[in-house]
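Chain by chain, the residues:
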There are 2 protein chains.
Amino acid sequence: MTSSDLYPVSRLAAVQEATAKAGLDALLLTPGPDLRYVSGYDAKPLERLTCLVVPASGEPCMVVPRLELPAAEASPASRLGLEFVAWDETDDPYALVAARLGRVAKVGLADRMWAMSSLRFRDALPGAEQVLAGSVLRELRMRKSPAEVAALREAGEAIDAVHRRVPEFLRAGRTEREVGRDIAEAILAAGHATVDFVIVASGPNGASPHHDVSDRVIQAGEPVVVDIGGQLHNGYCSDSTRTYSVGEPPADFAAYYEVLRRAQEAACAAVRPGVSCESVDAAARDVIAEAGYGGYFIHRTGHGIGIETHEEPYIVAGNGEPLEPGHAFSVEPGIYLPGRHGARIEDIVVCTENGGERLNDTPRELVIV
Amino acid sequence: MTSSDLYPVSRLAAVQEATAKAGLDALLLTPGPDLRYVSGYDAKPLERLTCLVVPASGEPCMVVPRLELPAAEASPASRLGLEFVAWDETDDPYALVAARLGRVAKVGLADRMWAMSSLRFRDALPGAEQVLAGSVLRELRMRKSPAEVAALREAGEAIDAVHRRVPEFLRAGRTEREVGRDIAEAILAAGHATVDFVIVASGPNGASPHHDVSDRVIQAGEPVVVDIGGQLHNGYCSDSTRTYSVGEPPADFAAYYEVLRRAQEAACAAVRPGVSCESVDAAARDVIAEAGYGGYFIHRTGHGIGIETHEEPYIVAGNGEPLEPGHAFSVEPGIYLPGRHGARIEDIVVCTENGGERLNDTPRELVIV
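Calculation criteria
Residues numbered from 1 in each chain as written. Chains lettered and ligands numbered in written order. Predicted model: local features only at pLDDT ≥ 70, side-chain atom pairs only at ≥ 80, totals over all residues. Heavy atoms only, no water. Domains from an automatic or database assignment. Contact = heavy atoms within 4.5 Å. Buried area = accessible area lost by both parts, 1.4 Å probe. Salt bridge = Lys/Arg side-chain N within 4 Å of Asp/Glu carboxyl O. Polar contact = N/O pair within 3.5 Å; in protein donor to acceptor, adjacent residues only side chain to side chain. Helix = DSSP H or I, 4+ residues; strand = E, 2+ residues; numbered from the N terminus. Nonpolar A, V, L, I, M, F, W, Y, C, P; charged D, E, K, R; others polar. Phe/Tyr/Trp six-rings, centres within 6.5 Å; stacked < 30°, edge-to-face > 60°. Buried < 20%, exposed > 50% of the residue type's maximum accessible area, 1.4 Å probe, protein only. Lys NZ or Arg CZ within 6 Å of the ring centre and 35° of its normal. Disulfide = S-S within 2.5 Å. Least-squares fit on C-alpha atoms with pLDDT ≥ 70 in both. Pairing = 2+ DSSP bridges. Axes fitted to C-alpha atoms, helices over the stretch in contact; angles between N-to-C directions. pLDDT = per-residue confidence, 0-100.

Focus on the domain arrangement of chain A
Residue and element names in this part refer to chain A.
Here is step 1: Looking at chain A, the domain boundaries give domain 1 (3-140) and domain 2 (146-368).
Here is step 2: Relative placement of domain 1 and domain 2: their C-alpha centres are 34 Å apart.
Here is step 3: Between domain 1 and domain 2, the contact holds 10 residues from the first and 13 residues from the second.
Here is step 4: Buried surface at the junction of domain 1 and domain 2, summed over both partners, amounts to about 950 Å²; 47% is from carbon and sulfur atoms.
Here is step 5: The largest share of the area that domain 1 buries against domain 2 comes from L6, R36 and R138, three residues that together contribute 52% of it.
Here is step 6: For the pair domain 1 and domain 2, the number of links is four salt bridges.
Here is step 7: The residue R112 makes a salt bridge to E308 at a minimum N-O spacing of 2.6 Å.
Here is step 8: At the boundary of domain 1 with domain 2, the tally comes to five residue pairs in polar contact (both at pLDDT 80 or more).
Here is step 9: Elements represented by at least two residues in the side of domain 1 that touches domain 2 include exactly α1 (3-6), α3 (33-39) and α7 (134-142).
Here is step 10: No other element matches α3, which puts three residues into the side of domain 1 that touches domain 2.
Here is step 11: Its residues assigned to classes, the side of domain 1 that touches domain 2 comprises four nonpolar, no polar and six charged.

Considerations on the packing of aromatic side chains
Here is step 1: In total, this model carries 12 aromatic pairs over all chains according to the counting rule given.
Here is step 2: Look at F253(A) and Y256(A): their rings are 5.1 Å apart centre to centre, the planes differ by 65°, and that puts the pair in the edge-to-face class. Taken together, the positions of F253(A) and Y256(A), both in helix α10 (residues 251-270) and three residues apart, correspond to about one turn of that helix.
Here is step 3: A relative accessible area of 0% means that F253(A) is categorised as buried.
Here is step 4: The class of Y256(A) is buried, set by a relative accessible area of 0%.
Here is step 5: An aromatic cluster is defined as three or more aromatic residues linked by ring pairs; in this entry it consists of F253(A), Y256(A), Y257(A), Y293(A) and Y296(A).
Here is step 6: Above the face of the F297(B) ring, R285(B) is positioned so that its terminal group lies 4.0 Å from the ring centre.

Some details on the state of the cysteines
Residue and element names in this part refer to chain A.
Here is step 1: Overall, the coordinates contain zero disulfides over all chains when judged by the stated rule.
Here is step 2: Among the cysteines around C237, which has no disulfide bond, C277 carries the closest sulfur, lying 19 Å off.
Here is step 3: For C237, a relative accessible area of 4% puts it in the buried group.
Here is step 4: Here C351 stays free of any disulfide, with the sulfur of C277 as its closest cysteine sulfur at 9.4 Å.
Here is step 5: C351 sits in the buried class, given a relative accessible area of 2%.

Describing the interface of chain B and chain A
Here is step 1: Taken together, the 32 residues of chain B in the interface contact 32 residues of chain A.
Here is step 2: Interface area, chain B with chain A, both sides summed: about 3,000 Å², of which 59% is carbon and sulfur.
Here is step 3: Applying the counting rule to chain B against chain A returns two salt bridges.
Here is step 4: For E47(A), the salt bridge identified is with R300(B), shortest N-O distance 2.5 Å.
Here is step 5: Our enumeration of links across chain B and chain A arrives at 16 residue pairs in polar contact (both at pLDDT 80 or more).
Here is step 6: Counting only elements with at least two residues in the side of chain B that touches chain A, the list comes to α6 (115-124) and β6 (129-132) of chain B.
Here is step 7: Of all the elements, α6(B) adds the most residues to the side of chain B that touches chain A, at five residues.
Here is step 8: In terms of residue class, the side of chain B that touches chain A is made up of 16 nonpolar, seven polar and nine charged.

Let's talk about the side chain of S39(A)
Residue and element names in this part refer to chain A.
Here is step 1: Within the secondary structure, S39 is located in helix α3.
Here is step 2: With a relative accessible area of 0%, S39 lands in the buried category.
Here is step 3: Here L35 takes part through its backbone oxygen, which lies 2.8 Å from a polar atom of the side chain of S39.
Here is step 4: In contact with S39, not counting residues within four places along its chain, are L52, M62, P76, A77, R79 and L80.

Focus on the relation of the copies chain B and chain A
Here is step 1: Overlaying chain B with chain A gives an RMSD of 0.0 Å, the required rotation being 180° about an axis along which the chain moves by 0.0 Å. Both chain copies can therefore be described as sitting about a two-fold axis. Minimal C-alpha distance to the rotation axis in chain B is attained by W114(B), lying at 2.5 Å.
Here is step 2: Interface overlap between copies: 100% of the residues of chain B at the interface are likewise at the interface in chain A, consistent with a symmetric, same-surface contact.

Let's talk about the sheet that holds strand β8 (residues 222-232) of chain B
Strand pairing within a sheet occurs via backbone hydrogen bonds; the two strands may be parallel or antiparallel.
Residue and element names in this part refer to chain B.
Here is step 1: The four strands are arranged β7-β8-β9-β17 in an open sheet whose pairing can be described as mixed. If you trace the sheet from one side to the other, it starts and ends with β7 (192-202) and β17 (367-368), each paired once.
Here is step 2: Packed on one face of the sheet, helix α9 (residues 176-189) meets β7 and β8 and runs near 155° to β7.

What to know about unusual backbone geometry
Here is step 1: Residue P313(A) is reached from E312(A) by a cis peptide bond, and omega for that bond is 0°.
Here is step 2: In this fold, P313(A) is placed in strand β11 (residues 311-315).

Notes on the sheet that holds strand β8 (residues 222-232) of chain A
All names here are of chain A.
Here is step 1: If you walk across this open sheet you meet the four strands as β7-β8-β9-β17, and the pairing is mixed. The open sheet has two edge strands with one neighbour each: β7 (192-202) and β17 (367-368).
Here is step 2: Relative to β8, β7 is paired through nine bridges, and the arrangement is antiparallel. Each bridged residue has a counterpart across the sheet, and for F197 the counterpart in β8 is G229.
Here is step 3: Each of β7 and β8 is contacted by helix α9 (residues 176-189), which is oriented at about 155° to β7, the strand it contacts most.

A look at the pattern of salt bridges
Residues and elements named next belong to chain A.
Here is step 1: With the rule as written, the count across this model stands at 66 salt bridges over all chains.
Here is step 2: Across the pair R358 and D347 runs a salt bridge, and its minimum N-O distance is 3.0 Å. Of the two residues, R358 is situated in strand β16 (residues 355-358) and D347 in strand β15 (residues 347-352); the sequence distance between them amounts to 11 residues.
Here is step 3: Judged by its relative accessible area of 21%, R358 falls in the partly exposed class.
Here is step 4: Among the ionic contacts, a cluster of salt bridges with common partners joins D34, R112, R141, K144, E308 and E311.

Here's the deal with the pairing of strand β4 (residues 83-87) of chain A
Residue and element names in this part refer to chain A.
Here is step 1: Taken across its five residues, β4 has four buried, putting it largely inside the fold.
Here is step 2: In the sheet, strand β3 (residues 61-65) pairs with β4 via five bridges, with the strands oriented parallel. Pairing of V64 across the sheet is with A86, part of β4.

Describing the confidence of the model for chain A
Here is step 1: Averaged over chain A, the pLDDT score is 97; the fraction of residues at 70 or greater is 100%.
Here is step 2: Confidence estimates for the predicted assembly give a pTM of 0.95 and an ipTM of 0.95.

Details of the pairing of β11(A)
Residues and elements named next belong to chain A.
Here is step 1: Counting buried residues in β11 gives four out of five residues, a clear majority hidden from the surface.
Here is step 2: Both strand β10 (residues 302-304) and β11 contribute to a ladder of two bridges, which runs antiparallel. Among the inter-strand pairings, G304 is bridged to a residue of β11, identified as E311.
Here is step 3: As consecutive antiparallel partners, β10 and β11 are separated by six residues.

In structure tokens, the structure reads:
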């Protein structure tokens, strides 16, 4: 896949149209996923302002520090035929953006714009109401194109290759950190540009869903939750969890692991166009609750994924939004027994016309190493 | 050095006092350097709100997603004796913060707070004017404690160890990317937690100050700018640039390298309490301008450094702020001949009562490899 497939030149016009339709005068996109999505430019987040100015009508431009001009020009943004407006060290780039925009009533800020920029824009554009660019971009970003689905599939294959190697790394007597280091290297070796997270949660640490790694020595007979992901060079992210056991697991663990496996299966099976996000969450939750573990499933079922590991749609109670073909998200129920152990199974699932397609396919049964 | 030295428990009270003095009712610190500086907690930036609420008077608290509670409790923030307020997946954490704060007229937002949070806080606290937390924290953050200076010294020694190895890596026939990969590994091996940037700019690429690495093959007789840095596990950052030449450099390069060396020396020598930031910039710029290269020094002389690679004070024309003991910043003039080559020399300098102390000490003469 090339940048042109993943970040098509036509996207900018579609974004302008959506901006106009939403009643915004312009989007102001500083470095981060919104800027990358619209332009393909993976700009470094810096204190010097880089901003893609996307008016609802008229010519977009990219305001960049002169030092970053070569990087911006070398990026996929150069295909868009827009003007690069370079500013020098003692210029005020916020005034520069304001002058280009003229009179505006409502602007959309990149969801991750830093306060140091959003407050400067508030002052430089005193009449303009600020809303999130996400209000315009979310619909577009949620609905993955075939090229984006292919990129997520490639990310899924890359992280699956790492999970297949986990049994090599995971042994009683090693610390979580040692195992995590091997996994991090394997994530890069599998073709990721960055290691975004490595959770190796052994024994009681498995009961903390966002445990990282620690110096705890893994013991025989312990379940270990391994939740790992990274970002490919093309920007798309991987995220998959499998639970392993170092030798035979405790009886109380074995009792709920199969419940969890069925819950994850049920949620994946519930995915199809028109079904609400919260009903996918409920599909997993109901299985777990019926088995008496409802109080031990303490987080939402999933999150959207794309050029961010966590993005919309969120698979959570209260989100009545219907799934559409192209929506891609994690399905990752878990059961956590404080002080004892925990388990989670996570696949990335893309909604297709025919239901959910999982982009991970390593075994979901408990892997005993 | 322990967390208690670098992130002392007493800092929170000092920050509350400064908040009151600045006429703010509270600081709202989301994950990033401001939160870490005040609490020692290196929280992951996530879409789920983590926020240290620091009222000008009264009890601070840390609002955290329940999933992050174990991480927050395991962090140095647990020493502060503040309440951790955990919120659940379907709670509104912004309303929760607003309820804790009560009536407020002016709040300071972490400089890097994402718009997705700052706009939610705007709506949850409709009467409150938003300003940057930096307006309160900048003075404190700029003035490094002895422990912080020691941490920056440790970072300087770590990156110096990498520069000493660069001659092993840099050879004609290798690509910038290959050399960069070796340097990145060496940055981690020298004790950094992360590799923040690796610039290997050979020949004409050296004329772009923020060049990264490329697949360009380094040729004999070419100057190469190597600008590298990372973050130690304790949070403090390194940043040092040296310029190398692969064999004898071209005559036009040799002509200006010595000018640059003198300019960097002059700027370092200008550092002492009471001297303005812009006069340190001028000290370097004047030497370069007098030699006829003024038009080729296209960026500011430096930036502050601490738990961010770029922070205040900025060593730039227009910044009349006087230096104080404990201010730490880069001194990094450069000369860039478009299409030809470039050079930069960068040390981190800390202002002491007796003048500037450089925290890097590898040779500043051109290193011919």
